[in-house]
Amino acid sequence: SLSTRNCPWKMSQLPPKSPLASPVSEGTNSRVEALDNLSMDSFWLEVENIKQSAEAEQEECSLADVKTQEEGEAEAEWLQDAGLSELLGDRGSDGDNLVLLSTLTRTQAAAVQRRLDTYSRSRRRKSKHPVRDVRDIFGVAGSEETAAEKEESSPDPLWHNLRAPNTQKKSQDYSCTVRNPGKEEVFNMDVAYSEQAAVLLKGSFLSESRKLKDGNALTRFKIPKGRLGVTRIGDLSAQDMKKIPTLALIELTALCDILGFELKRNKAAKLKTTEKRLFGVPLNTLLENDQKLLPNTKVPLLLQALLSCLEKRGLETEGILRVSGSQTRIKSLEQKLERDFYSGLFRWDEVHQNDVSGLLKRFIRELPAPLLTAEYLPAFAAVQNIPDLKQRLQALNLLILILPEPNRNTLKALLEFLSKVVAREKNNKMNLWNVSTVMAPNLFMHKGLPNKIPEGKEKQLAEGAADVVRMMIHYQDLLWTVSSFLVAQVRKLNESNSKRYQFCDKRIKNLLRKIHADKEKVEKNQGEPSKVVKVHASLLLKDSLEVHLNNATRVADVLRQFQKNMCQNGWNIVNTVNLLKCNSSMECTNLLLYEVGGNIGEHCLDPDTYLLDLYHINPHAEWIIKQNPSYPRMF
């Protein structure tokens, strides 16, 4: 077993330092086998440092792994988390469930049905009250999937082959997803990832595993901007973002089903109370306390202070993060922070940078629940098992969206700092792989989650965890994007909720046949070549601005026109002091255009969004110009 009494790896039992000296067992992911000469020394050294720290405080630490659940238990939890809890029993209204089901793609609907099938079989075996027959929910299309699923009664607990659903649409051209070494690749966010995977599987477009080299050799991906632009996390209202995790969970499960990969989740951990105010305190509690001092705080103030101190004085320090500070000093500094941080008496300028980096890593490890959450830490760790790089990133993107907002914001702040460390590699000697191997144990090992990992898998799991951290650092801009197919599903949820369709009896099967929530179809409204709309700016102007839209009008054009008129024509301006900065090029980076209402709560628009297309998608929305917040929208 990987676990020892105090920590999963004893130094006397560590794998050889050279990856080539101890090859991973035959049949293991060839991508991880081919790590070339990337050293794992930093990883094992960090593990030993964590072990020594834990032993000094008589604590336990382990690499998190999933606990075994009874048949049907995991499916019941999944259905609840996916917003489909009403399907677990035979009572209650189906209204909310039908609204959600009406937005799903075929692969997503098949994933829901698989869980319902397994749950139904487990209930029948336990002789409990019967659950609703899946055919009542999914109609004819559902029964076809049920037959295929029943053939797989005993899947392997980690990897098992699942057939692609028989209800796929006609094959589309996804050839861009096939590997093309040395060139920038397209990362398609218009079509659901699971639908893309199903088409690739059906067409046998199986891409080869990617060998890992240095950070500069990582594939470059580009998100093609469609007519509706790109949506980043933070661009949607809190109301709409609450819908994203549910949709992302269903999509992630559908993607894993297509790839023949089990989505592993832990039970939510019960958090222990602590008398401390900073270290070992749940993120939500930290933020609640911080927001009393500074409203709208999105990242714990202590973490912000640690990162700020390191950015000011530690980015150029050789071996920063890797070279461990004194455990005695770090413990003493933790006690001083607990006493003096909120009073402002703590003297950051007197602290050695290696000790600050030690405090940073300690803060992450001491969280009562892992930063990546107890529920989804196994899923993050298991991403390494997906052979294809693009599909690994698709899974990571969905996992990021599933994370609670405090965890996601805190993780983003950490990753942005780690990127700055990597950018100073010439001075601090910490490249992307060095940083990843040092931080992986701090993110993936947690004292509250025991594990049972097969003997001989330590090296593979360590390399895989470091690779996941490397992907999160290097591809964070891509990972913090909300796919346009998810935005389209949010729009459909809002439309259905407002209309509250009445579905009767066997009409559901007709609904599922018409599911096409994986693509925004703007082409159907192309007949209207132009439109005159009003753009509001209540905080800046008393009157609205009339804008003539055509097929070439973008958000950036409207903002530029608005700012030009304000600066040159002397409009009736309200409260504009320090809001606008006019210059010769008439840049408008300090202004943003929001889409409000209709089938969206509030949506900060990409400057490259074509407004006539957006109007056709959401004709009942208002468009409002606002000042760009002085603090980053992500935080």
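- The name that an unreviewed UniProt entry assigns to the chain is RHG40 protein, with the source organism given as Atrichornis clamosus.

1. Details of the overall build of the chain
And then number 1: A count of helices and strands for the chain gives 24 helices and eleven strands.
And then number 2: Out of the 635 residues belonging to the chain, those deemed buried represent 54%.
And then number 3: By sequence separation, contacts in the chain at least 24 residues apart represent 80% of the contacts at least 6 residues apart.
And then number 4: Summing over all exposed atoms, the chain offers an accessible surface of approximately 29300 Å²; the carbon and sulfur share of this is 48%.

2. A word on the pairing of strand β11 (residues 622-627)
And then number 1: The pairing of strand β7 (residues 530-536) with β11 spans two bridges and is classified as parallel. Among the inter-strand pairings, H536 is bridged to a residue of β11, identified as I624.
And then number 2: Bridge analysis of strand β9 (residues 591-597) against β11 gives six bridges, and the strand direction is antiparallel. Note on β11: the bridge partner recorded for L592 is K626.

3. Thoughts on the pattern of salt bridges
And then number 1: Under the counting rule described, the total for this entry stands at 26 salt bridges.
And then number 2: Between E334 and R362 there is a salt bridge, with its nearest N and O atoms 2.4 Å apart. Pair noted here: E334 is in helix α12 (residues 327-340) and R362 is in helix α13 (residues 353-366), with a separation of 28 residues, a long-range link. Accessibility classification places E334 together with R362 in one group, the buried group.
And then number 3: Through salt bridges with shared partners, one network takes in K225, R554, D557, R560, D606 and D608.

4. Focus: the sheet that holds β7
And then number 1: Strands sit in the order β8-β7-β11-β9-β10 across an open sheet of five strands; the sheet is mixed. Each edge of the open sheet carries a strand with a single partner, namely β8 (545-550) and β10 (600-604). Averaged over all pairs of adjacent strands, the angle between strand axes in this sheet comes to 30°, irrespective of strand direction.

5. Quick look at helix α19 (residues 458-474)
And then number 1: In a regular helix each residue adds 1.5 Å, so 17 residues correspond to 24 Å; α19 covers 24 Å between its end C-alpha atoms and thus fits that length.
And then number 2: Counting buried positions over the 17 residues of α19 gives 15, a clear majority of the element.

6. Focus on the pairing of β8
And then number 1: Going residue by residue along β8, you find L545, V547 and L549 tucked away on one face and E546, H548 and N550 left uncovered on the opposite face.
And then number 2: Relative to β8, β7 runs antiparallel, the two being bridged by six bridges. Along β8, the bridge assignment pairs K531 with L549.

7. A word on the nonpolar core
Side chains that are nonpolar tend, in soluble globular proteins, to be buried together.
And then number 1: Formed by 129 residues in total, the largest nonpolar core has its most connected members in L321, F380 and M472.
And then number 2: When sequence neighbours within four positions are dropped, the list of residues in contact with L321 reads E46, S357, L360, K361, F417, L418, V421, M430, V435, V438 and M439.
And then number 3: Counting residues in hydrophobic clusters, the runner-up holds 23 residues, among them V535, A537, V547 and L559.

8. A short note on unusual backbone geometry
And then number 1: The backbone of N296 shows a phi angle near 70°, a positive value even though the residue is not glycine.
And then number 2: Counting through the fold element by element, N296 comes out in the loop between α10 (283-293) and α11 (301-313).
And then number 3: With relative accessibility at 53%, the residue N296 sits in the exposed group.
And then number 4: Located in the positive-phi region is L321, a residue other than glycine, with phi close to 80°.

9. Some words on the environment of D606
And then number 1: By the element assignment, D606 lies in the loop between β10 and α24 (611-617).
And then number 2: Classification of D606 as buried rests on a relative accessible area of 8%.
And then number 3: Distance in space between the C-alpha atoms of D606 and Y594 is 9.3 Å, their sequence separation being twelve residues.
And then number 4: Apart from the residues within four sequence positions on either side, D606 is in contact with K225, G229, V230 and V555.
And then number 5: Among the polar contacts listed, one links the side chain of D606 to the backbone nitrogen of V230, at a separation of 3.0 Å.

10. Regarding the packing of aromatic side chains
And then number 1: Summed over the entire model, instances satisfying the criterion amount to eight aromatic pairs.
And then number 2: For the pair F187 and F221, a centre-to-centre distance of 5.8 Å together with 80° between the ring planes defines the contact as edge-to-face. Of this pair, F187 sits in the loop between β2 (185-186) and α7 (193-202) while F221 sits in strand β3 (residues 221-222), and the two are 34 residues apart along the sequence. One exposure class covers both F187 and F221, and it is buried.
And then number 3: Summarising the aromatic geometry, the rings of F279 and F363 are spaced 6.2 Å apart at their centres and angled 80° between planes, so their arrangement reads as edge-to-face. In this pair, F279 sits in the loop between α9 (244-259) and α10 while F363 sits in helix α13, placing the two residues 84 residues apart along the sequence.
And then number 4: Members of the aromatic cluster, connected to one another through ring pairs, are F187, Y193, F221, Y475 and F485.
And then number 5: The positively charged end of R227 is found above the aromatic ring belonging to Y610, 3.8 Å away from the centroid.
And then number 6: Between the NZ or CZ atom of K626 and the centre of the ring of Y594, over which it lies, the distance is 4.7 Å.

11. Some details on the side chain of T297
And then number 1: Among the structural elements, T297 can be located in the loop between α10 and α11.
And then number 2: Under the relative-accessibility criterion, T297 is labelled buried at 4%.
And then number 3: At a separation of 2.5 Å, a polar atom in the side chain of T297 contacts the main-chain carbonyl oxygen of L294.
And then number 4: If we ignore the near neighbours within four places in the chain, the residues touching T297 are L287, D290, Q291 and Q304.

12. Quick look at the packing of helix α18 (residues 432-444) against α19
And then number 1: Packing of α18 against α19 brings their axes to within 8 Å, and their N-to-C directions diverge by 110°. Taken as axis vectors, α18 and α19 run roughly perpendicular relative to one another. Both α18 and α19 take part in a crossing whose hand is right-handed. Of the residues in α19, those touching α18 at L432, W433, V435, S436, T437, M439, A440, L443 and F444 are E463, A465, A466, D467, V468, V469, R470, I473 and H474.
And then number 2: Of the residues belonging to the contact of α18 with α19, the class tally is twelve nonpolar, three polar and three charged.

Reading the values: rules and limits
- Residues numbered from 1 in each chain as written.
- Predicted model: local features only at pLDDT ≥ 70, side-chain atom pairs only at ≥ 80, totals over all residues.
- Heavy atoms only, no water.
- Helix = DSSP H or I, 4+ residues; strand = E, 2+ residues; numbered from the N terminus.
- Buried < 20%, exposed > 50% of the residue type's maximum accessible area, 1.4 Å probe, protein only.
- Contact = heavy atoms within 4.5 Å.
- Areas by Shrake-Rupley, 256 points an atom, 1.4 Å probe, with all protein chains shown as cover.
- Pairing = 2+ DSSP bridges.
- Salt bridge = Lys/Arg side-chain N within 4 Å of Asp/Glu carboxyl O.
- Axes fitted to C-alpha atoms, helices over the stretch in contact; angles between N-to-C directions.
- Expected span 1.5 Å × (residues − 1).
- Core = buried A, V, L, I, M, F, W, Y, C linked by side-chain atoms within 4.5 Å.
- Polar contact = N/O pair within 3.5 Å; in protein donor to acceptor, adjacent residues only side chain to side chain.
- Phe/Tyr/Trp six-rings, centres within 6.5 Å; stacked < 30°, edge-to-face > 60°.
- Lys NZ or Arg CZ within 6 Å of the ring centre and 35° of its normal.
- Parallel < 35°, antiparallel > 145°, perpendicular 65-115°, else oblique.
- Left-handed = near helix turned anticlockwise from the far one by under 90°.
- Nonpolar A, V, L, I, M, F, W, Y, C, P; charged D, E, K, R; others polar.

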